[in-house]
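Coordinate analysis (summary)
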Amino acid sequence: MNSIKPALAGALSLVALATGCASAPDPDQVVELNPVQESEAAGEAPQETAEEAAPSAVEEEFDSEYTYADGLKVRLSGVERRVTGEWDIPENSPYVYFDIQFDNGTGGPVDLSYVSVYCQVGEEGRTAEDVYTDDTGSGFTSAVMDGRTATAGYGCALPEEESYLQVELTLSDWEEMDDYVRETVYFVGDVA
């Protein structure tokens, strides 16, 4: 019973303190806060408006060229139907072959090992299987220096009854989230 009395006294003290602190604030001590943009607080210029910002995705036709804001150019060309051989993956299957070429005019090297290529085929936009042949290899594996060009061959399964092809190309060559993020380029068209 002796241990209950100190505990009860402590609880009553806390209740008294809590009710004393819960009174209404003094109107003379209320301060209005105005929101400040993070870039303004750091003394930086305001960010671009949505109209000035680079698009997140761009659609181009086969054999056309797209130029990123920093001067890097990309082109998809050489689109042609082929059939894989017995040593290719998958073997003896119809596919579409194409070249992707980058021309670097950025003023510095661009790491192309971060290129992602995805194909969709047909009017329903089915994901196409990657094709590996002597011509399609492993894609881009290193950087392209300023003023230089790099080309790699790619292949996607394309059934004979399908003609529409969409190639999604993404280059994520940024090191940190604050770095420049390139827009996705979709090359689209019909394959003869």
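Below: a short report on this structure. Please read all numbers here as calculations on a predicted model, not as lab measurements.

**Regarding the layout of surface pockets**
In this structure, the second largest pocket encloses a volume near 160 Å³. Of the residues belonging to the lining of the second largest pocket, the class tally is 5 nonpolar, 5 polar and 1 charged.

**Observations concerning the sheet that holds strand β10 (residues 164-171)**
Pairing in this open sheet of 5 strands is mixed, and the strands run β1-β11-β10-β6-β7 from one edge to the other. Across the chains shown, the open sheet's two edge strands, defined by having one partner strand only, are β1 (57-61) and β7 (126-127). Pairing of β10 with strand β11 (residues 184-190) involves 6 bridges; the strand directions are antiparallel. Directly across from Gln166, in β11, lies its bridge partner Val188.

**With respect to the pairing of β11**
A large share of β11 lies buried, amounting to 5 of its 7 residues. Bridging between β1 and β11 involves 5 bridges; their strand directions are parallel. Within the sheet, the bridge partner assigned to Glu59 lies in β11 and is Tyr186.

**Re the packing of aromatic side chains**
Enumeration over the complete set of coordinates arrives at 4 aromatic pairs. Arranged with centres 6.1 Å apart and planes meeting at 15°, the rings of Phe98 and Tyr154 form a pair that is stacked. Pair noted here: Phe98 is in strand β4 (residues 94-104) and Tyr154 is in strand β9 (residues 149-157), with a separation of 56 residues, a long-range link. Since its relative accessible area comes to 14%, Tyr154 is described here as buried. Every member of this aromatic cluster is reached through a ring pair, and the members are Phe98, Phe102, Phe140 and Tyr154. Note that Arg82 overlies the ring of Tyr97, its terminal NZ or CZ placed 4.0 Å from the centroid. Taking the ring centre of Tyr68 as reference, the NZ or CZ of Arg182 above it sits at 5.2 Å.

**Concerning the state of the cysteines**
Tallied over the full model, the rule gives 1 disulfide. Bridging Cys119 to Cys156, the disulfide has an S-S length of 1.8 Å. Its S-S torsion of about 50° marks the bond between Cys119 and Cys156 as right-handed, since a negative value means left-handed. Linking Cys119 in strand β6 (residues 115-121) with Cys156 in strand β9, this pair joins segments that are 37 residues apart in sequence. In this structure Cys119 comes out as buried when scored by relative accessible area, which is 3%. According to the relative accessible area criterion, Cys156 is buried, its value standing at 2%.

**Brief notes about the nonpolar core**
One finds Val74, Phe98, Ile100, Phe102, Leu112, Val115 and Phe140 to be the most contacted residues of the largest nonpolar core, which totals 32 residues. Taken together, the elements giving at least two residues each to this core come down to β3 (72-83), β4, β6, β9, β10 and β11. The contacts of Phe102, once residues within four sequence positions are left out, are Leu72, Lys73, Val74, Leu112, Val115, Phe140, Arg148, Thr149, Ala150, Leu169 and Leu171.

**Regarding unusual backbone geometry**
Cis geometry marks the peptide bond from Ile89 to Pro90; its omega dihedral reads -10°. Notably, Asp63 is not glycine yet its phi reads approximately 65°, a positive angle. Considering the arrangement of structural elements, one finds Asp63 in the loop between β1 and β2 (65-67). Accessibility expressed as a relative area gives 47% for Asp63, which makes it partly exposed. Despite not being glycine, Asn92 shows a phi value in the positive range, around 50°. Looking at the secondary structure, you find Asn92 in the loop between β3 and β4.

How each quantity is defined
- Residues numbered from 1 in each chain as written.
- Predicted model: local features only at pLDDT ≥ 70, side-chain atom pairs only at ≥ 80, totals over all residues.
- Heavy atoms only, no water.
- 1 Å grid on protein atoms, 1.4 Å probe; cavity = no way out; pocket = protein on both sides within 12 Å on 5 of 7 lines; lining within 4 Å.
- Points joined across faces, edges and corners; volume = space filled by probe spheres on them.
- Nonpolar A, V, L, I, M, F, W, Y, C, P; charged D, E, K, R; others polar.
- Pairing = 2+ DSSP bridges.
- Helix = DSSP H or I, 4+ residues; strand = E, 2+ residues; numbered from the N terminus.
- Buried < 20%, exposed > 50% of the residue type's maximum accessible area, 1.4 Å probe, protein only.
- Phe/Tyr/Trp six-rings, centres within 6.5 Å; stacked < 30°, edge-to-face > 60°.
- Lys NZ or Arg CZ within 6 Å of the ring centre and 35° of its normal.
- Disulfide = S-S within 2.5 Å.
- Core = buried A, V, L, I, M, F, W, Y, C linked by side-chain atoms within 4.5 Å.
- Contact = heavy atoms within 4.5 Å.

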